[in-house]
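Analysis of the macromolecular model
What follows is each chain in one-letter form.
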Amino acid sequence: MELEAVLVGATVDAAVATFAALVALPAGARWPAFAAVAAAGLVGGHRAGRVAGGTFRRRLGHGDLAGLLGGAAFAVAVWWSLQPGAPNGALWPVNYLLATAGLPTDLAARYDVALGVAAATTCGLLYVLEGALAGGAAPGGDAEAVVLRE
């Protein structure tokens, strides 16, 4: 494992998640910003796989580990954005989806902390999956060594 490759990808993921949690946005920009933040795991995984190079498995592993570290930061950012007083920014749609999911009031009141943790964990796992996919798909491996002959 190349620590540098993992840290490059994880830093990208963590920076996007932190920025999304701290910056307030106008109502019309929140959903598109959330889509961009949710897809940012692809960027971190790609960077990790690209820096690592080598075989498909090597790039995939680096992207996956970068997604795990970046996903942890994303999960903390989502959890924090669900707290009272957090700015209504790019992570506000998670709160909106939890509030309008149609859960029975008794269930939501009883498990409100667990619902927030589950939402944060789901968002973090999204970065893990995206990191692995993008890391494996990053250029720099065996596919580039193949020469086509006419």
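Keep in mind it's a predicted model, so treat the numbers as computed, not measured.

Attention shifts here to the overall build of the protein chain. Tallying secondary structure elements over the protein chain gives seven helices and zero strands in all. When its helices and strands are written in sequence order, the protein chain yields α-α-α-α-α-α-α. C-alpha atoms of the protein chain, sized along the principal axes, occupy 65 × 30 × 30 Å. Of the contacts formed within the protein chain by residues at least 6 apart in sequence, a portion of 83% connects residues at least 24 apart. Accessible area for the protein chain stands at about 8400 Å²; split by element, carbon and sulfur atoms hold 68% of it. Distance from the positive charge centre (8 side chains) to the negative charge centre (10 side chains) of the protein chain: 3 Å.

On the surface, Met1, Leu3, Leu7, Leu65, Leu68 and Leu69 cluster together to form a nonpolar patch covering roughly 590 Å² of accessible area. Of all elements in the fold, only α1 (3–22) and α4 (56–81) reach the threshold of two or more residues within the nonpolar patch. Per-element tally for the nonpolar patch: the top contributor is α4, with three residues. Inspection of the secondary structure puts Leu3 in helix α1. With a relative accessible area of 59%, Leu3 lands in the exposed category.

Another point: the packing of aromatic side chains. Here a ring pair, both rings aromatic, is described through the centre-centre distance and the interplanar angle of the planes. Enumeration over the complete set of coordinates arrives at four aromatic pairs. Aromatic side chains Trp31 and Trp92 sit 6.4 Å apart centroid to centroid with 85° between the ring planes, which places their arrangement in the edge-to-face category. Taken together, the residues span a long stretch of sequence, with Trp31 in helix α2 (residues 27–38) and Trp92 in helix α5 (residues 92–99) at a distance of 61 residues. Note on Trp92: relative accessible area 25%, which makes it partly exposed. Seen in terms of ring centroids, Phe74 and Tyr127 are 4.4 Å apart; in terms of plane orientation they differ by 20°. Their pairing is stacked. One end of the pair, Phe74, is in helix α4; the other, Tyr127, is in helix α7 (residues 112–137), and 53 residues separate them in sequence. Of the two residues examined, Phe74 and Tyr127, each falls in the buried class. One aromatic cluster in this structure is built from Trp31, Trp92 and Tyr96. The residue whose ring lies beneath Arg30 is Trp92, and the NZ or CZ to ring-centre distance is 5.1 Å.

Relative to the helices and strands, Leu25 is located in the loop between α1 and α2. Residue Leu25 is classed as partly exposed on the basis of its relative accessible area, which comes to 25%. Here the alpha-carbon distance between Leu25 and Ala120, two residues 95 residues apart in the chain, equals 20 Å. Setting aside residues no more than four positions away along its own chain, Leu25 makes contact with Arg30, Ala33, Asn88, Gly89 and Ala90.

A few words on the packing of α4 against α7. Contact pair α4 / α7: the axes reach a minimum separation of 6 Å and the direction vectors enclose 155°. In terms of orientation, α4 lies roughly antiparallel with respect to α7. As for the relative orientation of α4 and α7, their crossing is right-handed in sense. Taken together, the residues of the contact of α4 with α7 break down into 14 nonpolar, eight polar and two charged.

Each value, and the rule that gives it
- Residues numbered from 1 in each chain as written.
- Predicted model: local features only at pLDDT ≥ 70, side-chain atom pairs only at ≥ 80, totals over all residues.
- Heavy atoms only, no water.
- Helix = DSSP H or I, 4+ residues; strand = E, 2+ residues; numbered from the N terminus.
- Contact = heavy atoms within 4.5 Å.
- Areas by Shrake-Rupley, 256 points an atom, 1.4 Å probe, with all protein chains shown as cover.
- Lys, Arg positive; Asp, Glu negative; His and termini not counted.
- Charge placed at Lys NZ, Arg CZ, Asp CG, Glu CD.
- Patch = residues over 30% accessible without salt bridge, like charges linked within 9 Å, V, L, I, M, F, W, Y side chains within 5 Å.
- Salt bridge = Lys/Arg side-chain N within 4 Å of Asp/Glu carboxyl O.
- Buried < 20%, exposed > 50% of the residue type's maximum accessible area, 1.4 Å probe, protein only.
- Phe/Tyr/Trp six-rings, centres within 6.5 Å; stacked < 30°, edge-to-face > 60°.
- Lys NZ or Arg CZ within 6 Å of the ring centre and 35° of its normal.
- Axes fitted to C-alpha atoms, helices over the stretch in contact; angles between N-to-C directions.
- Parallel < 35°, antiparallel > 145°, perpendicular 65-115°, else oblique.
- Left-handed = near helix turned anticlockwise from the far one by under 90°.
- Nonpolar A, V, L, I, M, F, W, Y, C, P; charged D, E, K, R; others polar.

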